[in-house]
Amino acid sequence: MLARTRNSPPNLVSTAAAGAVAMAAAMAAAMGFGRFSYTPILPGMISGVPLSAADAGFIASANFVGYLVGAVLAAYGWAAGRERLVALLSLLATAILLAAMAATDSVAVFAIIRFLAGVASAFAMVFTSSIVLSHGAAAGNDHVQAAHFGGPGAGIALSSVMVLLIGLGLHDGPGGWRADWIGGALYCAASLVVVFLLLPSAPAQSAQAGKEPALVWNRPMVLLTLSYGLFGFGYVITATFLVTIARLSATGPFVEFLCWFIAGLTSAVALFAWKPLVRPLGLGGVYVAALLVEAAGVLATVALPPSVAPLIGGALFGATFLAITAYGLQIGRKLSPDSPRRILAMMTAAFGVGQIVGPVVAGWIAQRAGSFTVPTVIAAIALVACAALVMPVIKKIS
């Protein structure tokens, strides 16, 4: 039972609690399945459709383009007063689009579907969060923030379990990847019911009003935004191809399942693990440390023996990528306290460009090199460069 805060009325606390459950379900569906289930399903598509590495990267990039477009569109005021409706319709669209992936074997159609799924995922995330986080802030409820970042990790873990079970049931046949997409659609449909029942009707009233002032770009903000954009490139190669790397190493279906399952579990608890380090290291120190740990994890996926490489790489990747996302945005808000939405939009745009470019570059290089070793090493170097970019101003962002 969530504790009631001293000054919060009972209905506000209960609304925030119900909203936290709704948001966890929505984030698991929209992000864990809508965005990231492509990773464990991809190896089956590569062999079953079939797809080339370049095709796989192109399809992944289309989803990230859609997510960026959705995030930008969601920033405008057209949905004011209709946030709940848009969030529910977006989850419904996510379920339909996941099922649609099973109905074709055209790369172009895959890309269109994944683009639309990216838009739907962004809408579901933005509008569900805008409702629930406002109630959590009004109730002083920290559990709501945890649900926000724990939901995608839970969805990632559940998607890996789904792919494993379907693969075992169908003996990993050439059409198993179609069943994977349908399974994801069914999960999202079930989540939609939970969200429909528990999601509050509207955001809590906020005292914030007026137009934010323009951003004043200084050296720390420029370096942080560049770092955050490059992070989008560095993280997404492993986020897209980790299970495929395990498949190419012939590690077996259980290792393929376990590497993404571990990534989901560690990402679900990552913020809890990093939080005690914020006080001694500062926000900047935690951001840099997490980037370096992630770089080590990314490199581990191709540098260690194949039997353990994807497991260790998945664990370190999951333990860091959501933490870097969260702390990077916190630093941006700290550097621009008068224009928090503007800096959030700029950093999200930079991140979006990075994660759009990453899969295309990785797929193109892997197709020509015959493996994902070179693009993975490039990703690790990019993550080290992310840390190096903010080191000169780390005291100002801590």
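Residues numbered from 1 in each chain as written. Predicted model: local features only at pLDDT ≥ 70, side-chain atom pairs only at ≥ 80, totals over all residues. Heavy atoms only, no water.

1. A few points about empty space enclosed by the protein
So, step 1. In this structure the tally under the stated criterion is one cavity of 30 Å³ or more.
So, step 2. The computed volume of the largest cavity comes to approximately 80 Å³.
So, step 3. Lining the largest cavity are R35, F36, Y38, T39, I59, A60, N63, F64, R114, A239 and T240.
So, step 4. Within the residue set of the lining of the largest cavity, elements represented by two or more residues are α2 (38-48), α3 (53-74) and α8 (219-248).
So, step 5. With four residues, α3 is the single largest residue contributor to the lining of the largest cavity.
So, step 6. In the lining of the largest cavity, the residues fall into six nonpolar, three polar and two charged. (1 Å grid on protein atoms, 1.4 Å probe; cavity = no way out; pocket = protein on both sides within 12 Å on 5 of 7 lines; lining within 4 Å. Points joined across faces, edges and corners; volume = space filled by probe spheres on them. Helix = DSSP H or I, 4+ residues; strand = E, 2+ residues; numbered from the N terminus. Nonpolar A, V, L, I, M, F, W, Y, C, P; charged D, E, K, R; others polar.)

2. Structural notes on the confidence of the model for the chain
So, step 1. Mean pLDDT over the chain: 88, with 89% of residues reaching 70 or higher.
So, step 2. Here residues 1-10 scores under 50 on pLDDT; set against residues more than four positions off or in separate chains, the count is 12 contacts. (pLDDT = per-residue confidence, 0-100. Contact = heavy atoms within 4.5 Å.)

3. Quick notes on the packing of aromatic side chains
So, step 1. All told, the structure shown has 19 aromatic pairs when counted by the stated rule.
So, step 2. Geometrically, the ring pair formed by F36 and F321 is edge-to-face, given 5.9 Å between the ring centres and 75° between the ring planes. A residue pair is termed long-range when its members are at least 10 positions apart, and F36 in the loop between α1 (10-33) and α2 and F321 in helix α12 (residues 321-335) qualify at 285 residues.
So, step 3. Classification of F321 by relative accessible area gives buried; the value is 3%.
So, step 4. Taking 6.4 Å as the distance between ring centres and 20° as the angle between the ring planes, the aromatic pair formed by W260 and F317 counts as stacked. On the criterion of sequence distance, the pair formed by W260 in helix α9 (residues 253-268) and F317 in helix α11 (residues 309-318) is long-range, its members being 57 residues apart.
So, step 5. Given the relative accessible area of 0%, W260 is considered buried.
So, step 6. Members of the aromatic cluster, each reached through a chain of ring pairs, are F36, Y228, F231, Y235, W260, F317, F321 and F351.
So, step 7. Above the face of the Y67 ring, R35 is positioned so that its terminal group lies 4.0 Å from the ring centre. (Phe/Tyr/Trp six-rings, centres within 6.5 Å; stacked < 30°, edge-to-face > 60°. Buried < 20%, exposed > 50% of the residue type's maximum accessible area, 1.4 Å probe, protein only. Lys NZ or Arg CZ within 6 Å of the ring centre and 35° of its normal.)

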